[in-house]
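# Structural characterization, general
Listed below, chain by chain, are the residues.
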Number of protein chains: 2
Amino acid sequence: MARPVIDRTAVVESLLTAAEQLIRERGAVSVSIGDIAAACGMSPSNVYRYLPSREALWEAIAERWFRELNEAMDAVMALSLPAREKAKLFYTRRLAIKRRRFIDDPDLFRNYIALGERHSDVVEGYLDLADHNFSVIVSEAIAEGAIPDMPIDDAVKLFGLMTLSFCSPAAIISNLANATETNLALAIDVIFDGLCANADRTTGAVAATGLRLVG
Amino acid sequence: MARPVIDRTAVVESLLTAAEQLIRERGAVSVSIGDIAAACGMSPSNVYRYLPSREALWEAIAERWFRELNEAMDAVMALSLPAREKAKLFYTRRLAIKRRRFIDDPDLFRNYIALGERHSDVVEGYLDLADHNFSVIVSEAIAEGAIPDMPIDDAVKLFGLMTLSFCSPAAIISNLANATETNLALAIDVIFDGLCANADRTTGAVAATGLRLVG
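Rules and cut-offs
Residues numbered from 1 in each chain as written. Chains lettered and ligands numbered in written order. Predicted model: local features only at pLDDT ≥ 70, side-chain atom pairs only at ≥ 80, totals over all residues. Heavy atoms only, no water. Helix = DSSP H or I, 4+ residues; strand = E, 2+ residues; numbered from the N terminus. Buried < 20%, exposed > 50% of the residue type's maximum accessible area, 1.4 Å probe, protein only. Contact = heavy atoms within 4.5 Å. Areas by Shrake-Rupley, 256 points an atom, 1.4 Å probe, with all protein chains shown as cover. Phe/Tyr/Trp six-rings, centres within 6.5 Å; stacked < 30°, edge-to-face > 60°. Expected span 1.5 Å × (residues − 1). Axes fitted to C-alpha atoms, helices over the stretch in contact; angles between N-to-C directions. Parallel < 35°, antiparallel > 145°, perpendicular 65-115°, else oblique. Left-handed = near helix turned anticlockwise from the far one by under 90°. Nonpolar A, V, L, I, M, F, W, Y, C, P; charged D, E, K, R; others polar. pLDDT = per-residue confidence, 0-100. Salt bridge = Lys/Arg side-chain N within 4 Å of Asp/Glu carboxyl O. Patch = residues over 30% accessible without salt bridge, like charges linked within 9 Å, V, L, I, M, F, W, Y side chains within 5 Å. Lys, Arg positive; Asp, Glu negative; His and termini not counted. Charge placed at Lys NZ, Arg CZ, Asp CG, Glu CD. Core = buried A, V, L, I, M, F, W, Y, C linked by side-chain atoms within 4.5 Å.

### Topic: the overall build of chain A
Along its length, chain A carries 12 helices and zero strands. When the helices and strands of chain A are listed from N to C terminus, the series reads α-α-α-α-α-α-α-α-α-α-α-α. With 215 residues in all, chain A has 49% of them scored as buried. Of the contacts formed within chain A by residues at least 6 apart in sequence, a portion of 69% connects residues at least 24 apart. About 10,200 Å² of surface is accessible on chain A, with carbon and sulfur atoms providing 55% of the total.

What follows is the structure, encoded as structure tokens:
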């Protein structure tokens, strides 16, 4: 008899679904590989074949959390649009996903926030990826003349600093009524327009700093 | 012999100093009136004459935390300056105080953040006061023509949403290198300039919403 073909991806998904249910119920602190094994009716040593360590577990959970967000980001990056519109979609599509997730399952969302705070090293790579993608949009914006020529990293940082209310999951849920896609699109417009106006100024602190961020 | 005059304010200050030391050492969760009494060599019933409940304790601690911030705010409100410069000082002076406090005593700062999260009802009143003061600056800005005429509450909300990185104590310490006074002043310039530019536009989503925030 042929050895049964095990769909590795499907097994990992079912383990992660079990992990998610445990995180939803208890928070992330107390979820172990043993608990996940028990929830799936598998032996811990069998689970370790798919998730060889707690680190591998947290990385797989992060990958799952960011998957839809990254797909939305990739879809926006592939669009042929003026940079300002692309920037709006870049931010608002991911906000829409986070808002929907919180509204659908507030406990799980809160427990994921706590999990992310404890594993910030894992989350960091995903935030860097988003910054990298946004830096492409910024260079497009500069090439189009939609914002003045400026150091790309500074522009990426400034957008990040000025949109935290709409990007940080903790900030979104603490101000859900105002952290909306419409307001985020308005904020992006204000930043684009503000950067253009700043470039035109010949006096004052901002012109003197050449739009360079400190830090 | 004359009855000794007890300086009520001085007693409360010494109780709050003792409370602060306990919060610094243990975090806020486990600090009781009894602990504070023990630390000051007073009986709990004597402490209750000055701080009649745990709620009174948290309110007094919040009052102490916000005292310097509110004094800085009042000083800015009293200045005769163009609204844009006043707005920058309104935000940057308080950021400077928060940054200095964190750098001076990171543990105490972190424990105060946790305390504030657990007593958000007490903190809320202070945030409302800041919004109220900033709404005065916004009306001055509109009167000067420094920003276009718009609903004052919407402008206050937009500034709040776009400056969270520089105002929320948790956000400041998670991005200390970039949440600087210079970058905050730049962000305020970008918002002022962006609002003016938005008002000039005749097409697009922002013009269509008349700068009205949703939420």
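### Remarks on the packing of aromatic side chains
According to the stated counting rule, one finds 18 aromatic pairs over all chains in the structure shown. Each ring, one from F134 of chain A and one from F159 of chain A, has its centre 4.9 Å from the other, and the planes form 65 degrees; the classification is edge-to-face. One end of the pair, F134 of chain A, is in helix α7 (residues 120-144); the other, F159 of chain A, is in helix α8 (residues 152-162), and 25 residues separate them in sequence. Residue classification places F134 of chain A among the buried positions, given a relative accessible area of 2%. Arranged with centres 4.3 Å apart and planes meeting at 5 degrees, the rings of F66 of chain B and Y126 of chain B form a pair that is stacked. One end of the pair, F66 of chain B, is in helix α4 (residues 54-77); the other, Y126 of chain B, is in helix α7 (residues 120-144), with 60 residues separating them in the sequence.

### What about α7 of chain B?
Residues and elements named next belong to chain B. A rise of 1.5 Å per residue sets the reference length of α7, with its 25 residues, at 36 Å; its end C-alpha atoms lie 35 Å apart and thus fit the reference within 8%. Every buried residue belonging to α7 is among V122, V123, Y126, A130, N133, F134, S135, I137, V138, A141 and I142, and all of these are buried. Positive phi appears at G145, one or two residues downstream of α7, with a value of about 75 degrees.

### Thoughts on the packing of helix α1 (residues 8-26) of chain B against helix α2 (residues 33-40) of chain B
A pair of packed helices can be characterised by two numbers: the angle between their axes and the separation between those axes. Residues and elements named next belong to chain B. Contact pair α1 / α2: the axes reach a minimum separation of 9 Å and the direction vectors enclose 110 degrees. On the basis of the axis angle, α1 is roughly perpendicular to α2. Regarding α1 and α2, the two cross each other, and that crossing is right-handed. Contact residues: S14, L15, A18, A19, L22 and R26 in α1; D35, I36, A39 and C40 in α2. Here the residues of the contact of α1 with α2 sort into seven nonpolar, one polar and two charged.

### Description of the packing of α7 of chain B against helix α8 (residues 152-162) of chain B
All names here are of chain B. At a minimum axis distance of 9 Å, the contact between α7 and α8 shows a crossing angle of 115 degrees. Of the possible angle classes, the one that applies to α7 and α8 is roughly perpendicular. Crossing of α7 over α8 shows right-handed handedness. Seen from α7, the contacting residues are D131, F134, S135, V138, S139 and I142; seen from α8, they are I152, A155, V156 and F159. Counted by class, the contact of α7 with α8 contains seven nonpolar, two polar and one charged residues.

### Overview of the confidence of the model for chain A
Residue and element names in this part refer to chain A. Counting all residues, the mean pLDDT for chain A is 89, and 89% of those residues have values of 70 or more. Throughout residues 202-210 the model reports pLDDT below 50, and contacts reaching past four residues in sequence, or to other chains, amount to seven contacts. ipTM for the predicted complex: 0.88, alongside a pTM of 0.89.

### Overview of the pattern of salt bridges
A side chain with one charge may pair with a side chain of the opposite charge, provided their charged atoms come close. Enumeration over the complete set of coordinates arrives at 30 salt bridges over all chains. Salt-bridge contacts for D35 of chain B lead to R26 of chain B; the nearest nitrogen and oxygen are separated by 3.0 Å. Given the relative accessible area of 42%, R26 of chain B is considered partly exposed. Residue R100 of chain B is joined to E68 of chain B by a salt bridge in which the shortest nitrogen-to-oxygen separation is 2.9 Å. With R100 of chain B in helix α5 (residues 83-104) and E68 of chain B in helix α4, this pair connects stretches of sequence that are 32 residues apart. For R100 of chain B, a relative accessible area of 37% gives the class partly exposed. Connected via shared salt-bridge partners are E13, E20, R24, E63, R64, R67 and D105 of chain A.

### What about a negative patch on the surface?
Taken together, the side chains of E55, E59, D121, E124, D128, D131 and D153 of chain A make up a negatively charged region of the molecular surface. Among the elements that line the negative patch, the one with the most residues is α7 of chain A, at four residues.

### Let's talk about the nonpolar core
F90 and F134 of chain A together with F90 and F134 of chain B are the most contacted members of the largest nonpolar core, which totals 68 residues. With residues up to four places along the chain from it excluded, the contact list for F90 of chain A reads M73, V76, M77, A130, N133, F134 and I137 of chain A. Counting residues in hydrophobic clusters, the runner-up holds 37 residues, among them V31, I33, Y50 and W58 of chain A.

### Some words on the environment of A18 of chain A
Here A18 of chain A lies in helix α1 (residues 8-26). The sequence separation of A18 of chain A and A37 of chain A amounts to 19 residues, and the corresponding C-alpha distance is 8.7 Å.

### Some details on the side chain of N133 of chain B
All names here are of chain B. Within the secondary structure, N133 is located in helix α7. Owing to a relative accessible area of 10%, N133 belongs among the buried residues under this scheme. Look past the residues within four positions of N133 in its chain and what remains in contact with it is M73, D74, M77 and F90.

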